[in-house]
Amino acid sequence: FAPGEGERVDLNPPRFRWRYHPTQPGQGGDYTFLFQIARDNAFKDLVHNIDTPFNFYNTIPPFDNTRSYYWRIGYKEGTADPIIHWSDTRSFTIAPDAQVWDRSSMANPDFSHIGHPRLLFTKETLPKLRELIQKNEDSGNIFSKMQEEAIETIASTWWQNGLPKTDQQSAPEKYYRIADKLVQVAFVYNITQDEKYARVKEHALTFARYPKGGLSSPEGAGGEKDANEDATQATEFLALLYDWLYPDLTETERADFVYTLDWRIESFVYDFAWKRNRNGTRPARVHESSLSVMGASHAFEGFFDTFPACLAIYEDSEHAREGFHLGINFMAGVGSAHGFSEGWNEGPGYGNSKWAWQVNAMSYLDSVFPDYGVGQNPWLKRTGAFMRLQTPVGLQHAPWGHGSNNTRYFESGHRRTARKL
């Protein structure tokens, strides 16, 4: 439970989270919650009285910092009344010099003025990025490398012959790797507008039209067994392809992308990362490895591969909207559930690797809603400092933890994460 009893918090509003099960830590189930904050411990003078399916809620405005507040959770079985269990009441105060981070705009985000492209690219940022590539040596070198790899892709046999018509058969490469290469070509195409890359649309549509259950599906919905969690990255890549190619797509083609992103979100969120079917029974229930309980490895990583799709089709999909609110409240209020008080209990190798996925998702969010100020989350700076101290630049061997002998884990994690921060 956070904030804890009597805590004096240094962020206004505080970051709220609580145990999913009312009496048994580490257990899942089927609960919804009444989240109450009041000015008195009898909860007569309520500030917030919010029903939520998530056991973390963080899209509220700042508080007056001159008084104490009280909060508690009412547990319901499913969505039914009445309350079956009340948590203990906890009090908190806000330090006079607490950092203010108003997160209320994300409770009902306004996408009405946000067109496509919106993920990293926008009409405003594309010209700036083109200028940066021309004027900044490092950016220019990175883009030159991307162009070289894009040219290799369009010269490949699968590009020339077309992707398989069905993903029930193996492709020349892992499907998620192909999706990654399509994104790289689409990136170069957006920057250069060179027609030699334009066939990326054809290949992206072929990929988007693969049905659920094939080798290109995310983990838990089929997918390539030896690709495992990595297969879920295809959802992120399809979201980028839809968003970046949007101006070139017909209404029918856009609908094809929305359809695939919708079922991918639904499958991964409701049957893997948050809830899961057990023995084919409905409704699906939150399970012990869920983001709402333990935040286990594959659920954690794959959800952040899925989150960009929630940003891409928020207006068109109820699953995307619920996935968005799951993500926004988790990222603001939990961060990592892998260890005590959101610590990274996976060692410096694996910890750096996992953290990179969440910073990825935060970067996409920041590009769509820069005014939200996702970088104000104090968890980012604390975790960045922790990772930097655990694995200083130049370290050749981390002495403990999963992946500690694999320098690629922490070196690539450093590069991917520190640049985005």
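As a starting point, this report considers the structure included with it. (Residues numbered from 1 in each chain as written. Predicted model: local features only at pLDDT ≥ 70, side-chain atom pairs only at ≥ 80, totals over all residues. Heavy atoms only, no water.)

## A closer look at the pairing of strand β3 (residues 31-38)
Put simply, the rule reads: Exposure is judged per residue with a 1.4 Å probe applied to protein chains only, and the accessible area is read against the type maximum: over 50% gives exposed, under 20% gives buried, and values in between give partly exposed. Secondary structure is summarised from DSSP: a helix means a run of H or I of at least four residues, a strand means a run of E of at least two, and numbering begins at the N terminus for each. Pairing between two strands requires that DSSP report at least two bridges joining them.
For β3, the tally of buried residues reaches eight of eight residues, placing the bulk of the element in the interior. Neither face of β3 is left uncovered, since the one carrying Y31, F33, F35 and I37 and the one carrying T32, L34, Q36 and A38 both have all their residues buried. Examined bridge by bridge, β3 and strand β6 (residues 68-77) share eight bridges and lie antiparallel to one another. Considered in β6, the bridge of L34 is made with G74. When β3 meets strand β4 (residues 46-52), the two strands line up antiparallel, connected through six bridges. Paired with F35 across the strands is I50, a residue of β4.

## Concerning the environment of E301
Heads up, the rule is: By definition, residues are in contact when any of their heavy atoms lie within 4.5 Å.
Along the chain, E301 turns up in helix α8 (residues 297-312). For the pair E301 and D230, spaced 71 residues apart in the sequence, the C-alpha separation amounts to 9.0 Å. Excluding anything up to four places from it in sequence, E301 contacts E229, D230, K354 and W357.

## Examining helix α9 (residues 318-333)
Stated formally: Expected helix span is given by 1.5 Å per residue-to-residue step, counting one fewer step than there are residues. In protein, a polar contact means a hydrogen-donor-capable atom and an acceptor-capable atom, both N or O and within 3.5 Å, with residues adjacent in sequence counting only if both atoms are side-chain atoms; elsewhere, any N or O pair within 3.5 Å suffices.
The end-to-end C-alpha separation of α9 is 23 Å, in line with the 22 Å expected for 16 residues at 1.5 Å each. Here α9 has its buried residues at A320, G323, F324, H325, L326, G327, I328, N329, F330, M331, A332 and G333. Check the buried side of α9 and you find it contacts β2 (16-17), β5 (56-57), α7 (251-273), α8 and α10 (347-368). Here α9 starts with a cap whose side-chain oxygen sits 3.2 Å from the backbone nitrogen of H319, and that cap is S317.

## Brief notes about the packing of α7 against α9
This is how it is decided: For every element, the axis is a line fit to its C-alpha atoms; helices are fit only across the contacting stretch, and the angle between N-to-C directions ranges from 0 to 180 degrees. Each angle is binned into one of four classes, with values under 35 degrees roughly parallel, values over 145 roughly antiparallel, values of 65 to 115 roughly perpendicular, and all other values oblique. Left-handed describes a crossing whose near helix is turned anticlockwise from the far helix through less than a right angle; right-handed describes the clockwise counterpart. Residue type decides the class: Asp, Glu, Lys and Arg count as charged, Ala, Val, Leu, Ile, Met, Phe, Trp, Tyr, Cys and Pro as nonpolar, and the leftover types, Gly among them, as polar.
Their axes nearest at 9 Å, the elements α7 and α9 cross at an angle of 45°. Here α7 lies oblique to α9, going by the angle between them. As for how α7 packs across α9, the hand of that crossing is left-handed. Here D262, I265, E266, V269 and Y270 of α7 come into contact with α9, specifically with H319, A320, E322 and L326. A class-by-class count of the residues in the contact of α7 with α9 yields five nonpolar, one polar and three charged.

## What to know about the packing of helix α2 (residues 137-154) against helix α4 (residues 175-192)
At a minimum axis distance of 9 Å, the contact between α2 and α4 shows a crossing angle of 120°. Between α2 and α4, the interaxial angle falls into the category oblique. Crossing angle aside, the handedness with which α2 passes α4 is left-handed. Counting all contacts with α2, which are made through F143, M146, Q147, E149, A150, T153 and I154, the residues of α4 involved are K181, Q184, V185, F187, V188, I191 and T192. Its residues assigned to classes, the contact of α2 with α4 comprises eight nonpolar, four polar and two charged.

## A closer look at the pattern of salt bridges
Inclusion rule: By convention in these notes, a salt bridge is any Lys or Arg side-chain nitrogen within 4 Å of a carboxyl oxygen on Asp or Glu.
Throughout the structure, instances matching the rule amount to 15 salt bridges. The shortest N-O distance in the salt bridge between K76 and D81 comes to 3.1 Å. Judged by relative accessible area, which is 7%, K76 ranks as buried. Among the residues examined, D81 registers a relative accessible area of 59% and is labelled exposed. For the salt bridge of E202 with R199, the shortest nitrogen-to-oxygen distance reads 2.9 Å. Using a relative accessible area of 40% as the deciding quantity, one classes E202 as partly exposed. Because the salt bridges share partners, they merge into one network encompassing D51, K76 and D81.

## Concerning the packing of aromatic side chains
Put simply, the test is: Note on aromatic pairs: the rings of Phe, Tyr and Trp (six-membered ring only in Trp) are paired at centre separations within 6.5 Å, and the planes decide the class, stacked below 30 degrees, edge-to-face beyond 60, tilted for the rest. Only lysine NZ and arginine CZ atoms are considered, and such an atom sits over a ring when it is within 6 Å of the ring centre and within 35 degrees of the ring normal.
Tallying each qualifying case throughout the model produces 43 aromatic pairs. Pairing F300 with F330 gives two aromatic rings, centres 6.3 Å apart and planes at 65°, and the pair type is edge-to-face. Within this pair, whereas F300 is found in helix α8, its partner F330 is found in helix α9, the two being separated by 30 residues in sequence. Judged by its relative accessible area of 0%, F300 is buried. Given a relative accessible area of 0%, F330 falls into the buried group. Stacked on the ring of F43, the Lys or Arg R72 has its end atom at 4.1 Å from the ring centre.

## Observations concerning unusual backbone geometry
Between N12 and P13 the backbone carries a cis peptide bond, its omega angle lying at 0°. Mapped onto the elements of the fold, P13 is located in the loop between β1 (7-12) and β2. The linkage connecting D81 with the following residue, P82, adopts the cis geometry, with an omega of 5°. Positive phi, close to 60°, is recorded for F43, a residue that is not glycine. On the secondary structure map, F43 appears in the loop between β3 and β4. A relative accessible area of 7% means that F43 is categorised as buried. Residues other than glycine seldom take positive phi values, yet Q193 does so here, at roughly 60°. Considering the arrangement of structural elements, one finds Q193 in the loop between α4 and α5 (200-208).

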